[in-house]
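Structural features, examined
These are the residues of each chain, in order.
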Amino acid sequence: MTSASPKAARVRPYSLTGGRTRSGHVLLVETFVATLETPDGAVEPALSGPASRMVPEIRAIIDLCRRMRSVAEVSALLKIPLGVVRVLLSDLADQGKIRVYGTGRGPGQPDRALLERVLSGLRRL
């Protein structure tokens, strides 16, 4: 009989969002987000609301977003599914922990140059 090697506990993605799959904000893969700082320059971790039970993932997002990132970058760098990241980012935006920036596009077609930069960045990961 072989013994199983100990593995880190894995949390199913839907449990990180309480089963929610929709977010309150329009967060396309190319949407930019960044952590909001308090007037003294500190960044508070999110400890209230539905996100309170997943502090490690929230803290990882807050730390990563100290520099402006696209939603796709957050998902890829943290290895969290895109849908889950969208819900978590939306929660953080609702709590005033991050700011959601526009994609830099107006009505009509998406900005091709921006999409190419995002794709290039994803390929480098």
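Before reading on, note that the structure itself is shown above.
Residues numbered from 1 in each chain as written. Predicted model: local features only at pLDDT ≥ 70, side-chain atom pairs only at ≥ 80, totals over all residues. Heavy atoms only, no water.

**Brief notes about helix 4 (residues 82-94)**
The end-to-end C-alpha distance of helix 4 is 18 Å, a good match for the 18 Å that 13 residues give at a rise of 1.5 Å each. When helix 4 is considered as a whole, its buried residues turn out to be Val84, Val85, Val87, Leu88, Leu89, Ser90, Asp91, Leu92 and Ala93. Backbone geometry just downstream of helix 4 places Gly96 in the positive-phi region, at approximately 75°. (Helix = DSSP H or I, 4+ residues; strand = E, 2+ residues; numbered from the N terminus. Expected span 1.5 Å × (residues − 1). Buried < 20%, exposed > 50% of the residue type's maximum accessible area, 1.4 Å probe, protein only.)

**Remarks on a nonpolar patch on the surface**
Taken together, the side chains of Leu77, Leu122 and Leu125 present a nonpolar region at the surface, about 240 Å² in accessible area. Locating Leu125 in the fold gives a position in the segment after helix 5 (112-124). Given a relative accessible area of 54%, Leu125 falls into the exposed group. (Patch = residues over 30% accessible without salt bridge, like charges linked within 9 Å, V, L, I, M, F, W, Y side chains within 5 Å. Areas by Shrake-Rupley, 256 points an atom, 1.4 Å probe, with all protein chains shown as cover. Salt bridge = Lys/Arg side-chain N within 4 Å of Asp/Glu carboxyl O.)

**Focus on the sheet that holds strand 1 (residues 32-35)**
Note: strands within a sheet are paired through backbone hydrogen bonds, in either parallel or antiparallel orientation. Reading across the sheet, the three strands line up as 2-1-3 and stay open at both edges, with antiparallel pairing between neighbours. With one partner strand each, in any of the chains shown, strand 2 (69-70) and strand 3 (98-101) form the two edges of the open sheet. In terms of strand pairing, strand 1 meets strand 3 through four bridges, oriented antiparallel. Its bridge partner lying in strand 3, Phe32 is registered against Tyr101. (Pairing = 2+ DSSP bridges.)

**Brief notes about the pairing of strand 1**
With two bridges connecting them, strand 1 and strand 2 associate as antiparallel partners. Its bridge partner lying in strand 2, Phe32 is registered against Ser70.

**Focus on unusual backbone geometry**
Phi at Lys79 is positive, roughly 55°, even though this residue is not glycine. Here Lys79 lies in the loop between helix 3 (71-78) and helix 4. With relative accessibility at 75%, the residue Lys79 sits in the exposed group.

**Concerning the pattern of salt bridges**
For the coordinates displayed, the defined rule picks out two salt bridges. Between Arg66 and Asp63 there is a salt bridge, and its shortest N-O distance comes to 3.2 Å. Among the ionic pairs, Arg69 bridges to Glu73, the shortest N-O distance being 4.0 Å.

**Focus on the nonpolar core**
Within the largest apolar cluster, 18 residues are counted, with the highest numbers of intra-cluster contacts made by Val33, Ile61, Val74 and Leu89. Within the residue set of this core, elements represented by two or more residues are helix 2 (55-64), helix 3 and helix 4. No other element matches the six residues that helix 4 contributes to this core. (Core = buried A, V, L, I, M, F, W, Y, C linked by side-chain atoms within 4.5 Å.)

**Some thoughts on the environment of Leu88**
Along the chain, the position of Leu88 falls in helix 4. C-alpha of Leu88 to C-alpha of Ser23: the two residues are 65 residues apart in sequence and 8.1 Å apart in space.

**Some points on helix 5**
Compared with an ideal rise of 1.5 Å per residue, which puts 13 residues at 18 Å, helix 5 spans 18 Å between its outermost C-alpha atoms and is within 8% of the ideal. Looking at the buried side of helix 5, the elements it contacts are strand 1, strand 2 and helix 3. (Contact = heavy atoms within 4.5 Å.)

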